[in-house]
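# Understanding the architecture of this molecule
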Amino acid sequence: MRLRNIRGSRNVEDRRGRGGGGAAVGGLGIGGVLLVLAIGYFTGIDVTPLLNGGAPQSQGAPRELTEAEKQAGEFSARVLATTEEVWSDVFPDSFGGPYDPPTLVLFSGVTSSPCGGASGATGPFYCPADEKAYLDTEFFATMRSQLGAGGDFAAAYVIAHEVAHHVQNELGILGEVNALRQRAGQREANALTVRLELQADCLSGVWASKVQGLMEKGDLDEALNAARQIGDDTLQRRAGRVPQPHTFTHGTSEQRQRWFATGFDSGDPQACDTFGTDTL
């Protein structure tokens, strides 16, 4: 992805290097780490204690960011800027109102949010309570080394997906789905969450369609591969489990790829109505 001449967004809150404790994974092995990551991914709970062997998080002294962390921060800020430009144009045309962009919080290890503890173990997430997306930039390394989803555009897709949740929040969709989930059983609540996540994938595809001038050969394949590698069925198999559709909260690999492609091919947010179709 060609970002050299793209400005960095000012809507970034960088908490890295401020003395927060990191998540240790000693003794678990790759298989154990994947299983714990899957637990956090499926349930949304903070699994940091599991990764630490039950040890509490300690606060360390402030530290200098590594060169890799600095580069990840600059990359994230530039990707965020592309989402601001795209949605500032698309949102008014599609929905008839102004777009108010979110803040991206970068952290290392663990941090706090109004939606609960944020941990690199649970992956990036969006908190509607403060309209901020939370990202441990080490997740990019996790994608590459443990999930088989490397590449800069795959990482950009992750950020675009969390921004897409902000778009849903701006439209009132998150609030409506949350209200429905509270009245539903677990199976129905999971099904609603799948539709929410697939819509965010589709909206991410809309973003990608608008930044094609920044894309390089292979970028689209990286995004589609990332969508495939973080499908619920694929993650459950990788964690040594038989896929259980009633527990899915993000959609299958095929669904995630297809809805991203729908947004990319159409470039139209109106094509992302995952709640108005019987076929996901």
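Under the annotation held in an unreviewed UniProt entry, the chain carries the name Neutral zinc metallopeptidase and is attributed to Ponticoccus litoralis. As recorded by UniProt, the Subcellular location (unreviewed entry) comment attached to the chain reads in full: "Membrane".

### So, the packing of aromatic side chains
This structure, assessed with the given rule, holds 6 aromatic pairs. Both rings, one in F75 and one in F140, keep their centres 6.0 Å apart while their planes meet at 90°; by these two values the pair is edge-to-face. With a gap of 65 residues between them, F75 in helix 3 (residues 67-95) and F140 in helix 4 (residues 138-145) connect regions that are remote in the sequence. On the accessibility criterion, F140 (12% relative accessible area) is buried. Among the aromatic residues, those joined into a ring-pair cluster are F91, F95 and Y99.

### Brief notes about the environment of R195
Inspection of the secondary structure puts R195 in helix 7 (residues 186-210). Excluding anything up to four places from it in sequence, R195 contacts T274, F275, T277 and L280.

### Remarks on the state of the cysteines
Tallying each qualifying case throughout the model produces 2 disulfides. A disulfide bridge connects C115 with C127, and the sulfur atoms are separated by 2.0 Å. Taking the torsion about the S-S bond as the criterion, the C115 to C127 disulfide, at about 85°, is right-handed. One end of the pair, C115, is in the loop between strand 3 (110-113) and strand 4 (116-119); the other, C127, is in strand 5 (residues 125-127), with 12 residues separating them in the sequence. Across the disulfide from C202 sits C272; the S-S distance is 2.1 Å. Every disulfide takes its handedness from the sign of the S-S torsion; for C202 and C272 that torsion is -75°, giving left-handed. One end of the pair, C202, is in helix 7; the other, C272, is in the segment after helix 10 (253-266), and 70 residues separate them in sequence. By the burial criterion, C202 is buried, and C272 matches it. Here the cysteine-cysteine linkages of the chain are recorded as 1-2, 3-4, numbering only bonded cysteines and doing so in sequence order.

### With respect to the environment of A156
Residue placement: A156 occurs in helix 5 (residues 152-170). For the pair A156 and T83, spaced 73 residues apart in sequence, the C-alpha to C-alpha distance is 9.8 Å. Leaving out residues up to four positions away in the same chain, A156 has contacts with M1, F75, V79 and W207.

### What about the sheet that holds strand 5?
Overall, mixed pairing links the 4 strands, which are arranged 1-2-6-5 in an open sheet. Of all the strands in the sheet, just strand 1 (12-14) and strand 5 have a single pairing partner and so form its edges. Averaged over neighbouring strand pairs, the angle between their axes works out to 25° when direction is ignored. Note that strand 5 and strand 6 (residues 132-136) share 3 bridges and pair antiparallel. Paired with F125 across the bridge in strand 6 is Y134. Helix 3 contacts strand 1, strand 2 (103-107) and strand 6 of the sheet and is inclined by roughly 165° relative to strand 2.

### Observations regarding helix 8 (residues 219-229)
Inspection of helix 8 places D219, A223, N225, A226, A227 and Q229 among the buried residues, and these make up the whole buried set. Here the buried face of helix 8 lies against helix 4, helix 5, helix 9 (232-238) and helix 10.

### Side note on the packing of helix 5 against helix 8
Where helix 5 contacts helix 8, the two axes come as close as 7 Å, and the packing angle between them is 55°. In terms of orientation, helix 5 lies oblique with respect to helix 8. The interaxial crossing formed by helix 5 with helix 8 has right-handed handedness. Packed against helix 5, whose contacting residues are D152, F153, A154 and Y157, the element helix 8 presents D219, E222, A223, A226 and A227 at the interface. Class assignment of the residues belonging to the contact of helix 5 with helix 8 gives a composition of 6 nonpolar, no polar and 3 charged.

### Examining unusual backbone geometry
Working note: non-glycine residues mostly have negative phi, and peptide bonds are mostly trans. We note that E131 has phi near 55°; this positive angle belongs to a residue other than glycine. Mapped onto the fold, E131 is located in the loop between strand 5 and strand 6.

### Re the pattern of salt bridges
This structure, assessed with the given rule, holds 8 salt bridges. Salt-bridge contacts for D14 lead to R16; the nearest nitrogen and oxygen are separated by 2.9 Å. Exposure remark for R16: the relative accessible area of 5% places this residue in the buried category. A salt bridge links D201 to R256; its shortest N-O distance comes to 2.8 Å. Of this pair, D201 sits in helix 7 while R256 sits in helix 10, and the two are 55 residues apart along the sequence. When salt bridges that share partners are traced, they join E13, R15 and K132 into one network.

Reading the values: the criteria
Residues numbered from 1 in each chain as written. Predicted model: local features only at pLDDT ≥ 70, side-chain atom pairs only at ≥ 80, totals over all residues. Heavy atoms only, no water. UniProt positions renumbered as here; feature names shortened; annotations may be inferred. Phe/Tyr/Trp six-rings, centres within 6.5 Å; stacked < 30°, edge-to-face > 60°. Helix = DSSP H or I, 4+ residues; strand = E, 2+ residues; numbered from the N terminus. Buried < 20%, exposed > 50% of the residue type's maximum accessible area, 1.4 Å probe, protein only. Contact = heavy atoms within 4.5 Å. Disulfide = S-S within 2.5 Å. Pairing = 2+ DSSP bridges. Axes fitted to C-alpha atoms, helices over the stretch in contact; angles between N-to-C directions. Parallel < 35°, antiparallel > 145°, perpendicular 65-115°, else oblique. Left-handed = near helix turned anticlockwise from the far one by under 90°. Nonpolar A, V, L, I, M, F, W, Y, C, P; charged D, E, K, R; others polar. Salt bridge = Lys/Arg side-chain N within 4 Å of Asp/Glu carboxyl O.

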